[in-house]
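Architecture at a glance
One letter stands for each residue in the lines below.
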Amino acid sequence: MSDAGGDGNNGDSVPYYLMPVAAVLGTYAVIASFRALYQAYQNFKYNPQTATAKQRLNAPKPIKSSQFAFLIISIVISIVGYGYVCALVNNSITSSTVFDPYDILAVDPSSDSAAIKSAYRALSKIHHPDKGGDTKIFQKINLAYKALSDEVARSNFEKYGHPDGPQTQTLSFALPDWLLHPEGKVAAVLVLLYLAMFVGIAIYAIRYVQAADNKASKAALDTSVSAADPAYLASHLSPTSTHLDVLYLIATTPESISITSKNIAKAEELRKEKLKLLKKRNPKKKESNEFDFDDGGEWADDNEEDEAAKVAAEAAKKAEEEKRLAAAQLANATGKSNEPANIKMEGIDDGVLGQKWVEDSLKPLKMWPPPNMNVLEKQTFLDTADGKVKSALDHPAVRRNLCMTMGRLNSNMLNSHPDLVAAGQKQLIDPTYFKSTLEFRQRTGLLLEAALRVAMSARSYRLAKTIIETVSIFKVGVFDSKDQKTLEWFDEIMKKQYGEDGLPRLVFHEKGVETPGEDEIATDDVCSLKLKIERPHAEPFTKQKIEMCKKQGIPPQIAMQTYREGWWVLVRAKRIGQDEEADAKLKEAAKTRAEETLAKNPLLQALEAGSQKRLFEEEEENTLSCAWPFIVSNVAQKTGNVQVKFKAPAVPGKYQFLINVKSQEFLGADQEFTLEAEVLDKEDVEREEDESDEDEDSGDEENDEEDDDDSDDEDDDEEEESKKDK
């Protein structure tokens, strides 16, 4: 028998060069399909109505976009191309392979059916897979016998050259054997191709991960605090710093300036690109000697025609506005809103509001330029764009940060301003400015936490109190937390939203200071301030949250889980009465404590001596014993216990413990009270305990001696009785 898998002499007609093409098309179709499914999944998960500001900034590319349409078209083309190429190669392989049943069965064309059947049985015994034969050869033997014994198969063989009929295909989507088990040069080419694709996919994956890491790093950098920022804050803050001082310093930290400078540079590049595009679309008109006469309607001869012209002009203006809004919505839906031509920018597009509008709106309120900038008066800042050193308002990034700060402190006025409301409805908001404000607010929150850590490290009550109040006014968006009108406005907002009982306040039912497990407080003990707290606003807050969830179609559990209500307990200790010796000891103890703090805090160690002295210059009554935060994460929680641990004073005496409870969420909710307690000298307490222990020990020894005497007497009596008996 000749080779059952023989390819004949037409193997050169097989387009081997198309085999790698099929591999590339198939691989691309699979990868692109996964990419399309992932994008569709992202869009399915994304809900613009419930998305946060950060999620909206990173919204997935919409399905109704040219990018997604191109992706789907490329997948379809690659699949059809793969099927066509596979069919072409398969047809070529089939046509190049000569199917000769007589040669396969090793019989003469003149052989009768008995000889053919005998040859078939003999070959089947040899090549049957159950007897260790080759499956492909056995299949060919079967086909050859079928072609010579079956009338239909013989007819197909005589007509098409194969017992199964015509073997040509238009499209073939099955994975061909020559891709799974390539041979010869094709195998080498495909191996190299698969290897190249694997390397390419690996490089893409590595770059994707690196890009994701860089993006995450940038996001973390943009929403985190670098080491330079706390050092800058620590070197400029002091116990006498005001709320504005804190915010001005946060606006001018090195990293804040760097991030805003980059945003401004990107906006400037975008501005230039947009101007180029507009210049191409709207070239200058040719100069003409004809006058462009505009009488402004003053020479109208017919009032009716003039009125009709006004109506027509208004209708045209309205139609143009509707057209512009439709175009903006289409750009958002198709993912083209981020193209330079579609981004609205202040100073280029008419009616668009941005930083300049904010500054102009703050001027009538005397909030721009920013008031009371004494803390920045002597400071200068390097502008990396031109290498010049500039003052705060001359530096573009510092100016923008200060504008965003003042805009936040006056957000109640700005957000309700008719111009901003109208611009928001018409989508005439400059995103290069207003999107930066979201990022800036996040960074300010983190920097306020860093500033608070500086204050707690220095044990400065006044600075910690100021920073916590700054957190609340920046969150709420007001200029002064102590202003009576502001407090009344905030109370009205709370009552309107939560009802008459919805004012956020804490009620303290139990208050006490003690050393756990002891009857008295001794110097340097770890004391405990125990508070039993009630939240009267828990019920109205819970009702409002549930109603809001029902309106928005959100499960109430989600709103409950995301609730956060932050409070701070600030504890100070003030010695009652005058005692020069005790006062000297307190000062010495404060000095020792400051030295210990500096030794443990590298940030404070790096400060200049003047900055260190300024931070640690607090008097006894303004020195923090403890700053303790507690978070209410269950909006429905009505009561709870808070235990604040702190170290007792180092000098014995009678003390007033000054307790301040401050909110970082609400205005007018702060409370303060005092508790008095006697602090005993630890050495005296230990001496008394030792003496009492000695007294107990001596008493035990006397009792033991008495017991011994009694036992001796009993022994003597027993001896006398025994003698009498004898």
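Because the structure is a prediction, the values reported are computed rather than measured.

Some thoughts on the overall build of the chain
When its secondary structure is counted, the chain shows 26 helices and 10 strands. Counting only residues that meet the buried cut, the chain has 37% of its 726 residues in that class. Counted over contacts in the chain with a minimum sequence separation of 6, partners at least 24 positions apart contribute 74%. Carbon and sulfur atoms make up 52% of the accessible area of the chain, which totals about 44500 Å².

Some remarks on the pattern of salt bridges
Under the defined criterion, the tally for this structure stands at 19 salt bridges. Ionic pairing is found between K363 and D360, a salt bridge with its closest N-O pair at 3.7 Å. A residue is classified by how much of its surface remains accessible, and D360, at 34% relative accessible area, is partly exposed. One salt bridge connects E621 with K574, and the closest N-O pair in it is separated by 3.7 Å. Pair noted here: E621 is in the loop between α25 (609-615) and β7 (624-632) and K574 is in strand β6 (residues 565-575), with a separation of 47 residues, a long-range link.

Some words on the sheet that holds strand β5 (residues 526-534)
Read across the sheet, 3 strands follow the order β3-β5-β8 without closing on themselves; strand pairing throughout is antiparallel. One side of each edge strand has no neighbouring strand; the edge strands of this open sheet are β3 (507-514) and β8 (639-647). Neighbour to neighbour, the strand axes of the sheet diverge by 15° on average, direction disregarded. Here β3 runs beside β5; their pairing, made up of 7 bridges, is antiparallel. Residue pairing across strands places G512 opposite K530, the latter belonging to β5.

Quick look at the sheet that holds β6
Taken together, 5 strands build an open sheet; the order of strands is β4-β10-β9-β6-β7 and the sheet is mixed. Every other strand in the sheet has two partners, leaving β4 (521-522) and β7 as the edge strands with one partner each. Pairing analysis gives 8 bridges linking β6 to β7, with the strands arranged antiparallel. Bridging from a neighbouring strand, V569 pairs with W628 of β7. Helix α19 (residues 461-476) contacts β6, β7 and β9 (653-663) of the sheet and is inclined by roughly 15° relative to β9.

Concerning the environment of P109
Looking at where P109 falls in the secondary structure, it is placed in the loop between α4 (101-105) and α5 (113-127). Note on P109: relative accessible area 62%, which makes it exposed. Along the chain, P109 and L148 lie 39 residues apart, while their C-alpha atoms are 9.8 Å from each other.

Digging into a nonpolar patch on the surface
Taken together, Y38, Y41, F44, Y204, Y208 and V209 make up a surface patch of nonpolar side chains, about 750 Å² in accessible area. Every element with two or more residues in the nonpolar patch is listed here: α1 (18-45) and α9 (184-222). With respect to the helices and strands, Y208 occurs in helix α9.

Observations concerning a negative patch on the surface
Taken together, the side chains of D480, D483, E488, E492, E500 and D501 define an acidic patch exposed on the protein surface. Relative to the assigned elements, E492 resides in helix α20 (residues 484-498). The exposure class assigned to E492 is exposed, which follows from its relative accessible area of 51%.

Re the nonpolar core
Ranked by internal contacts, the top residues of the largest apolar core, which has 100 residues, are L376, L402, L529 and F657. When residues of this core are assigned to their parent elements, the largest contribution, 9 residues, is made by α19. Residues contacting L376, with those up to four places away along its chain left out, are Y232, Y248, L249, T252, F381, A392 and L402. Judged by nonpolar contacts, the second largest core, of 11 residues, contains Y102, I104, Y120 and L148.

Examining the confidence of the model for the chain
Per-residue confidence for the chain averages 79 on the pLDDT scale, and 74% of its residues sit at or above 70. Ranking the elements of the chain by mean pLDDT puts helix α13 (residues 303-334) last, at 53, and helix α15 (residues 396-409) first, at 97. This stretch, residues 1-11, has a pLDDT under 50; its non-local contacts, to residues over four places away or in other chains, come to 18 contacts. Every residue in residues 329-337 is under pLDDT 50, and counting partners more than four places away or in other chains gives 17 contacts.

Digging into helix α14 (residues 355-362)
Taking burial as the measure, the 8 residues of α14 include 6 buried ones, the bulk of the element. Listed as buried for α14 are Q355, W357, V358, E359, S361 and L362. Along its buried surface, α14 packs onto α15, α16 (411-415), α17 (418-425) and α18 (431-457).

Side note on the environment of L604
As for its position among the elements, L604 is in helix α24 (residues 602-605). For the pair L604 and S235, spaced 369 residues apart in sequence, the C-alpha separation works out to 8.6 Å.

Analysis parameters
- Residues numbered from 1 in each chain as written.
- Predicted model: local features only at pLDDT ≥ 70, side-chain atom pairs only at ≥ 80, totals over all residues.
- Heavy atoms only, no water.
- Helix = DSSP H or I, 4+ residues; strand = E, 2+ residues; numbered from the N terminus.
- Buried < 20%, exposed > 50% of the residue type's maximum accessible area, 1.4 Å probe, protein only.
- Contact = heavy atoms within 4.5 Å.
- Areas by Shrake-Rupley, 256 points an atom, 1.4 Å probe, with all protein chains shown as cover.
- Salt bridge = Lys/Arg side-chain N within 4 Å of Asp/Glu carboxyl O.
- Pairing = 2+ DSSP bridges.
- Axes fitted to C-alpha atoms, helices over the stretch in contact; angles between N-to-C directions.
- Patch = residues over 30% accessible without salt bridge, like charges linked within 9 Å, V, L, I, M, F, W, Y side chains within 5 Å.
- Lys, Arg positive; Asp, Glu negative; His and termini not counted.
- Charge placed at Lys NZ, Arg CZ, Asp CG, Glu CD.
- Core = buried A, V, L, I, M, F, W, Y, C linked by side-chain atoms within 4.5 Å.
- pLDDT = per-residue confidence, 0-100.

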